[in-house]
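Given next are the chains, with one letter for each unit.
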Amino acid sequence: MFFTKGAKCLISWGLLADDLTKNLAELEELQKVAKPGVLKSYLEELVPYLVDFAMRVGFAIIIYFIGKKIIKWLRKILRRALDRSGIDEGVKQFLDSFSKISLYLVLIIAVVNQLGIETTSVVAVLGSAGLTLGLALQGSLANFAGGVLILWFKPFKVGDYIIEDTHKNEGTVSEIMIFYTKLITADNKTVVIPNGILANSSLTNVTQQNKRRLDLYVGISYEADIKKAKILLTEMLKAEYGRLEEEEMLVFVDALEDSNVRLGCRIWVAVEDYWQVRWRLTEQIKEIFDENKIEIPYNQLTVSIK
């Protein structure tokens, strides 16, 4: 019994000695790590890396700002070359916008490469991202293709007045961009229409031709002298200085309606004079008919009281 208790005590003291030995070893390791020399060597190894990274960032910033200047300079040269070539204004705007995006993409790749990221990795990421974006942005790609088709087939150009038949948007084309076309309305509003819509739907180009037919209609009463009314309209049209004299001029009876005889006038005018001539003739018709006692009927309500 005595020997058993002694053995147990020896075992306990042995375990305690082992624990003390392990603790002392851990303390020695901590002391080694906490030594100033170890921290100093670690910082000495870290400083060159930080300096190198800071230099890379600095050079990347310099490359970016110099690249911006070069891009502006290249775009200016491109615009001058396009101006000398005499191509359509819409093509100039489209190519300028496309070149801007392409050059900035090259600049971004150069900056990323300067930061230490491999260009092949960037291209691979851009390729996979491009596939994903291509599937997600099919509408934008359709608008880009629409812009190319517009510039290729030229249904309209910058400066034309167009009417988009699907949504009835209309205005003067001010800019043809990569994805969108800008219109300026008559009351100076800006309308932005996707190129895909303009390329895949019908539209009316009002100003593509250099002349335009002007039709005016007016109703006179059944009691009025039709021949006299036609003579007055003919003399009025002949005196109109905005009329193209080489083109056909017509005055005719267009319809016999419920409460009036509908007369029509037809002349040709230059596109830029269309609205001024139309407004002027409309006013003259009213004045001439009033002077010659030719009634222009309007809706009236007669009440009889018994």
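In what follows, the accompanying structure is described. (Residues numbered from 1 in each chain as written. Predicted model: local features only at pLDDT ≥ 70, side-chain atom pairs only at ≥ 80, totals over all residues. Heavy atoms only, no water.)

1. As for the overall build of the chain
Note the threshold: By the criteria applied, helices consist of DSSP H or I runs no shorter than four residues and strands consist of E runs no shorter than two, each listed in order from the N terminus. Here the term buried applies to any residue with accessible area under 20% of the maximum for its type, exposed to any over 50%, and partly exposed to those in between, with areas from a 1.4 Å probe on protein chains only. The contact definition used throughout considers only heavy atoms, calling two residues in contact when any of these lie within 4.5 Å. Shrake-Rupley sampling with a 1.4 Å probe provides the accessible areas, and residues are treated as covered by the protein chains on show and by no other component.
Helix and strand content of the chain: 8 helices and 8 strands. Looking at the 306 residues of the chain, the share that counts as buried comes to 25%. Counting contacts in the chain only where the partners sit at least 6 residues apart, residues at least 24 apart contribute 63% of the total. Only carbon and sulfur atoms are counted for the fraction: they give 62% of the accessible area of the chain, which is about 21,600 Å².

2. A short note on the sheet that holds strand β6 (residues 211–220)
Put simply, the rule is: Each pair of strands is called paired provided DSSP finds at least two bridges between the two strands. The axes are straight lines fitted to the C-alpha atoms, using for helices just the contacting stretch, and the angles between their N-to-C directions are given from 0 to 180°.
Here 3 strands make up an open sheet; going across it, the order is β6-β8-β7 and the pairing antiparallel. Every other strand in the sheet has two partners, leaving β6 and β7 (250–256) as the edge strands with one partner each. Each adjacent strand pair in this sheet contributes to an overall mean axis angle of 25°, direction not counted. Of the pairings in the sheet, the one linking β6 to strand β8 (residues 261–270) comprises 10 bridges and is antiparallel in character.

3. Observations concerning the pattern of salt bridges
Opposite charge on two side chains permits them to pair, given that their charged atoms come into close proximity. Applicable threshold: Just to be clear on terms, a salt bridge is a Lys or Arg side-chain nitrogen sitting within 4 Å of an Asp or Glu carboxyl oxygen.
Taken as a whole, this structure holds 8 salt bridges when the rule is applied. Residue E247 is joined to K211 by a salt bridge in which the shortest nitrogen-to-oxygen separation is 2.5 Å. Here E247, found in the loop between α7 (226–239) and β7, pairs with K211, found in strand β6; they are 36 residues apart in sequence, far enough to count as distant. With a relative accessible area of 23%, E247 lands in the partly exposed category. With its nearest N and O atoms 2.9 Å apart, the salt bridge here joins R213 to D215. With a relative accessible area of 37%, R213 lands in the partly exposed category. Salt bridges sharing partners connect three or more residues here, namely R213, D215 and R266.

4. Digging into the pairing of strand β2 (residues 169–176)
Here strand β1 (residues 161–164) pairs with β2 via 4 bridges, running antiparallel. Within β2, the position partnered with I162 by the bridge is G171. Where β1 folds back on β2, the antiparallel hairpin that results is connected by 4 residues, among which K168 adopts a positive phi of roughly 60°. As paired strands, β2 and strand β3 (residues 180–184) are joined by 4 bridges and run antiparallel to one another. The residue bridging V173 from the neighbouring strand is L183, located in β3. If you look at the hairpin formed by β2 and β3, you'll find 3 residues sitting between the two strands.

5. Things to note about the packing of aromatic side chains
Stated formally: Each aromatic pair joins two rings of Phe, Tyr and Trp (for Trp, the six-membered one) with centres within 6.5 Å, and gets the label stacked for planes under 30 degrees apart, edge-to-face for over 60, and tilted for any other angle. Over a ring means this: the NZ of a Lys or the CZ of an Arg is within 6 Å of the ring centre and within 35 degrees of the ring normal.
Applying the stated criterion to the full structure yields 5 aromatic pairs. Here F144 and F179 contribute two aromatic rings whose centre-to-centre distance is 6.4 Å and whose plane-to-plane angle is 55°, an arrangement assigned as tilted. Taken together, the residues span a long stretch of sequence, with F144 in helix α5 (residues 138–153) and F179 in the loop between β2 and β3 at a distance of 35 residues. The partly exposed category is assigned to F144, whose relative accessible area is 28%. Ring geometry for Y217 against F252: centres 6.4 Å apart, planes inclined by 75°, an arrangement best described as edge-to-face. Of the two residues, Y217 is situated in strand β6 and F252 in strand β7; the sequence distance between them amounts to 35 residues. Connected via pairs of aromatic rings, a cluster forms that spans Y274, W275 and W279. Note that K211 overlies the ring of W268, its terminal NZ or CZ placed 5.6 Å from the centroid. Over the ring of Y274 we find R212, and its NZ or CZ is 3.8 Å from the ring centre.

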